[in-house]
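Next come the chains, spelled out residue by residue.
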Amino acid sequence: MRGINGGAEPRLIAEKSRDCCRLVWKRTVRETGSIASIHIVALGSECPGGVGPGEEIMGQGQLQGGLLWSYLGHGALVGPCDLESSLHNPAFMEYTSRVFGDVTVVVRDCPSWDLLDSDWASVRKVLEQADILVIKYSVTDKLAFQQVRNGYAPRLRPLLRHWGVPVILVAVGARLNDEGPPCTCPLCASDWSSCVPHSEGLQLSRDLGATYLELPSLNHVFVGRYFGSVLEYFMIQCLKHKAKERPEKRRGNKVNELRPPHLEQPARLPPIRVEESSFSQDMQWLLERGVQFADVAFYAGDSGKELGWAHAAVLCAVSPYFRQLLLGPKTRERPQSRCVCRERDGAPHSLLSTWDGGIIDDMPRSEGHLTGRLSRLVVKDPLLCMCLWETLMFIYRGAWEWDHLQEALEEKLKNSMAVAQLMERIRSLIGRDRLGPQTLVNLFNSPLYSDVIFMVQGSVLPAHRAVLVARCDVMAAMFSGKYAEARSRVVPIHGVSSDTFLSFLEYLYTDSCCPASVLQAMAVLVCAEMYQVKRLQHLCEVCVCAYLQSMPSRELASTGISVVRLLRRAKCHNAEQLYVWLLHFIANNYLIFSHKPDFLELAEEEREQVERLRWPSRGYLQELSEYQQQRRKLRKSRCTVM
C-alpha cells in the first residue's frame, strides 16, 4: 500500500488484520452452519500497456504474475484451476481457488477494457453475478487510465450504485523519476506527465465509491498482506450477508421455532390545517372602508383638492418620515425626504408638508363615535399627487410588494422615467426595503396614536381602533355599532388574563403567535374563539399539538397537564381539529393515559373511539401473552430434559 515499506511493524499489523478476518469467518461458519462461494470480477490490467484489440490474451505464465493470481497463490491453498476451459472464452479468464481452507472463490479476470464497447451485454451479465469487483490499472500507463476514467467509469458508476457491490481500485507499479530510482511518494510531481498521480486515482475511487489501494510491486508483502486484508474483509462481509439471506438461520434453525407477534406502527395523527394569512387583505380593507377611523387627510398642493384619507398609526408605523411629519411640535427639525427634488431656482422642497395651522382637534365623527384629532397633509410632489392611492395601498399592504407597485405606477403614468423617479421617492419615503406583516410591530402595546385603552385585571393595554377593526370582526362590530365601547376610550375586559389578552393583541398587530406553554396556548385559543379569530385559534391548536408531541413518554406519564381536560376544553370551545387530534393522541399513548384517573372522565363515545384506535391493540397484547406463556413452557420442558 502506498507509502508503506516492507518493515516489521506494517507486516505485523497486516498479519493481525488477516487473523481477525479468519476468526470472523470461522465464527460465521459456526453460527450459520453453511459454506458459500464468492464470485470476484476483475477489470483492467496491472501491466503497462494492458491488452489492446487484436492482441493475444495472457497465457498461464502471464496470469500467474497477476494481482489476483498472486494473492490466491500466496495467501491460500490453491485448488484445481481449469485454465483450459477458461481459455475458450476470449473475454474473461476464469479460475477457481479456495481461501480459509473451505471457501470457494471464483475469479473472472478481463484485462481488456475494449470488451465493454464490443460486447457490453455479456460484461453486464458477469457484473450482475459479482460479489466483489476489482479494478486494476498501472500507474505508469496514464493514457489507459484516462480512457478508463473518461470512458468506462461513467458507464459503470450507476450500475455499481444500484447493485451495491463493493469495489476495490488498485494502482500497481512505481512512478518513474528521471533523476533517480522509481519514486513511491504519492505527492511527487516529477513524473506527472507520464504517470498517474495519487490525487487522480483517489478521485476516481471517490467517483466509483471504491476502496483505493496503491501497490508499488506485486510481492508477498503488498499483495498477500495489504491487498489480501482488504479483499478478505469484503469476502467476510459478503459471506455474512449471504448467510442472513438463507432460510435456515442461527443456532438450532428449527422450523417450528417460536416467533414473537408483529407489532404494527401506530396510526398517524391527523393534521391541523391553518388558513393562509389575511393580514394584507385586512389592511387593504382598512384603507378602502375604514374612513370613519381615519385621522389623516391628504390635499393636493396646487389645487387644494382632497385626495384621500389614511390612519396616522399605520403611516407612523411604516415610515419614520410620517412619524416626524405628524408628530409636529414634538420634533425639533422639519422633516425632509432623502429624495430631494430641485426646482429651477435650486431651492429644495419636501414631498409632503402639514397644512398651515393644520391639526384640527375634536374632529367631528359620525353619531355614536368619539371625536378625534385630524391631521391635514399637503402633497407637494406632482407625481406623488397623481399616484397617492397606489402609494397608500402599497404602504397598507406591508410596503414589500415593489413589483406590484411598479406595475400599478406604469399603468397610471405611462412614462418609464417618471415611474423610476417616483419609485425612488417612495423608497426614500418608506426608509426600508422590505417590511411585510411585521409593519405594525412598533404599534403593539404602544401609546403612540392610541385611541383606546383596555383594562384587563388591573393592567393598562393601549391599542388602536383602526387596527382592531381591520383584524377582528367582533372588534369591528364592537367599535362601529351603538355600543358603550364605541363611545368610551377605556374598555374593560373580563374573563381573560392580561397575559392572554396581550398575546391576542400581539397576533392582531404582528400576525404571529408564540405561546410559551400548553396552558397558555389553550388560554389564547379560548380568547380567539371568544373574538371569532379562526386563524389564531388554529395556530394555537398547532402549538398545543407540537408541545404534547415533543414530550417523551416518561414526561407524559408524570406531567400535571390533563390531556383529557384539554379534550373537554377543545370540544367546549369549538376546536374541532384539536379535539380529533387529542383523541388519536390518547389512543396512540393508551398504556400511559389509561392508568390515569381522569381517563374515566371520557364520554362513552370517546372511550369507544379510543379503544378502537388504541395502540398497541388488544389483539397484539393477547398474542404477546400467549407467546410469553409458550416461551415459559418451552423453558420448563428444556430444564426437565436436562
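What you see is a predicted model; the values in this text were computed from it and never measured.

Q: Any details on the overall build of the protein chain? Residues and values, ideally.
A: Counting secondary structure elements, the protein chain contains 27 helices and 15 strands. Relative to its full complement of 642 residues, the protein chain shows a buried share of 47%. Pairs at least 24 residues apart make up 70% of the contacts formed inside the protein chain by residues separated by at least 6 positions.

Q: Which residues make up the packing of helix 20 (residues 518-530) against helix 21 (residues 534-549), and what values go with them?
A: Running from N to C, helix 20 and helix 21 point in directions that differ by 165 degrees, and their axes come no closer than 8 Å. Our classification of the angle between helix 20 and helix 21 gives roughly antiparallel. The handedness of the crossing between helix 20 and helix 21 is left-handed. Of the residues in helix 21, those touching helix 20 at Val518, Ala521, Met522, Val524, Leu525, Ala528 and Glu529 are Leu536, Gln537, Cys540, Glu541, Cys543, Val544, Tyr547 and Leu548. Of the residues that constitute the contact of helix 20 with helix 21, the class distribution is twelve nonpolar, one polar and two charged.

Q: An account of the pattern of salt bridges is requested, with residue identities and associated values reported.
A: Counting across every chain of the model gives 15 salt bridges. For Asp381, the salt bridge goes to Arg425, with nearest N and O atoms at 2.5 Å. Remark: Arg425 occurs in helix 16 (residues 416-430) and Asp381 occurs in the loop between strand 12 (372-379) and helix 13 (382-386); sequence separation between them is 44 residues. Here the two residues Asp381 and Arg425 agree in accessibility, since each one is buried. Put simply, Asp282, Arg471, Asp511 and Arg535 are held in one network by salt bridges that share partners.

Q: Tell me what's going on with the nonpolar core, and back it up with residues and numbers.
A: Phe298, Phe454, Leu468, Met475, Phe479, Phe501 and Phe504 are the most contacted members of the largest nonpolar core, which totals 115 residues. Looking at which element gives the most residues to this core, the answer is helix 24 (residues 576-588), with eight residues. Excluding residues within four positions of it along the chain, Phe298 makes contact with Lys305, Glu306, Leu307, Gly308, Ala310, Leu315, Phe322, Leu377, Val379, Leu388 and Leu392.

Q: Report on the state of the cysteines, specifying residues and quantitative values.
A: Summed over all chains, the structure comprises zero disulfides. Between Cys513, a free cysteine, and Cys540, which holds the nearest cysteine sulfur, the sulfur-to-sulfur gap is 4.2 Å. Residue Cys543 stays outside any disulfide, its sulfur separated by 5.6 Å from that of Cys513, the closest cysteine.

Q: Explain helix 12 (residues 320-327) to me, using residue names and the numbers behind them.
A: Regarding helix 12, the residues found buried are Tyr321, Phe322, Leu325, Leu326 and Leu327. If you check the start of helix 12, you find a side-chain oxygen 3.1 Å away from the backbone N of Tyr321, and it comes from Ser319.

Q: Describe the sheet that holds strand 2 (residues 93-99), with residues and values.
A: Taken together, the six strands give an open sheet; going across it, the order is 2-3-1-4-5-6, and neighbouring strands pair in mixed fashion. Unpaired on one side and paired on the other, strand 2 and strand 6 (211-215) mark the two borders of the sheet. Adjacent strand axes in the sheet meet at a mean angle of 20 degrees, parallel and antiparallel pairs treated alike. In terms of strand pairing, strand 1 (residues 37-43) meets strand 4 (residues 132-138) through four bridges, oriented parallel. Within strand 4, the residue paired with Ile40 across the bridge is Ile132. In this fold helix 8 (residues 198-208) packs onto strand 4, strand 5 (167-172) and strand 6, with an angle of close to 150 degrees to the strand it touches most, strand 6.

Q: Let's hear about the packing of aromatic side chains: which residues, and what values?
A: Evaluated as defined, the whole model comprises 13 aromatic pairs. An angle of 20 degrees between the planes, with centres 5.4 Å apart, marks the rings of Trp113 and Tyr152 as stacked. With Trp113 in the loop between strand 3 (103-110) and helix 5 (115-118) and Tyr152 in helix 7 (residues 142-163), the pair connects residues that are 39 residues apart, well separated along the chain. Of the two residues, Trp113 and Tyr152, both sit in the buried class. With a centroid separation of 5.8 Å and an interplanar angle of 40 degrees, the aromatic rings of Phe501 and Phe504 are classed as tilted. Of this pair, Phe501 and Phe504 are both found in helix 19 (residues 498-510), three residues apart, which corresponds to roughly one turn of the helix. Grouping residues by exposure puts Phe501 and Phe504 together as buried. Sitting over the face of the ring of Trp120, Arg155 holds its NZ or CZ atom 5.4 Å from the ring centroid.

Q: Please set out the environment of Arg98 residue by residue, giving values where relevant.
A: Here Arg98 shows up in strand 2. Classification of Arg98 by relative accessible area gives partly exposed; the value is 39%. Taking the C-alpha atoms as reference, Arg98 lies 9.8 Å from Ile38; in sequence the two are 60 residues apart.

Q: Just give me the short version of the pairing of strand 6, but keep the residues and values in it.
A: Of all five residues that make up strand 6, four are buried, and the element is covered over most of its length. In the sheet, strand 5 pairs with strand 6 via five bridges, with the strands oriented parallel. Bridge assignment links Val170 to a residue of strand 6, and that residue is Leu213.

Scoring rules and cut-offs
Residues numbered from 1 in each chain as written. Predicted model: local features only at pLDDT ≥ 70, side-chain atom pairs only at ≥ 80, totals over all residues. Heavy atoms only, no water. Helix = DSSP H or I, 4+ residues; strand = E, 2+ residues; numbered from the N terminus. Buried < 20%, exposed > 50% of the residue type's maximum accessible area, 1.4 Å probe, protein only. Contact = heavy atoms within 4.5 Å. Axes fitted to C-alpha atoms, helices over the stretch in contact; angles between N-to-C directions. Parallel < 35°, antiparallel > 145°, perpendicular 65-115°, else oblique. Left-handed = near helix turned anticlockwise from the far one by under 90°. Nonpolar A, V, L, I, M, F, W, Y, C, P; charged D, E, K, R; others polar. Salt bridge = Lys/Arg side-chain N within 4 Å of Asp/Glu carboxyl O. Core = buried A, V, L, I, M, F, W, Y, C linked by side-chain atoms within 4.5 Å. Disulfide = S-S within 2.5 Å. Polar contact = N/O pair within 3.5 Å; in protein donor to acceptor, adjacent residues only side chain to side chain. Pairing = 2+ DSSP bridges. Phe/Tyr/Trp six-rings, centres within 6.5 Å; stacked < 30°, edge-to-face > 60°. Lys NZ or Arg CZ within 6 Å of the ring centre and 35° of its normal.

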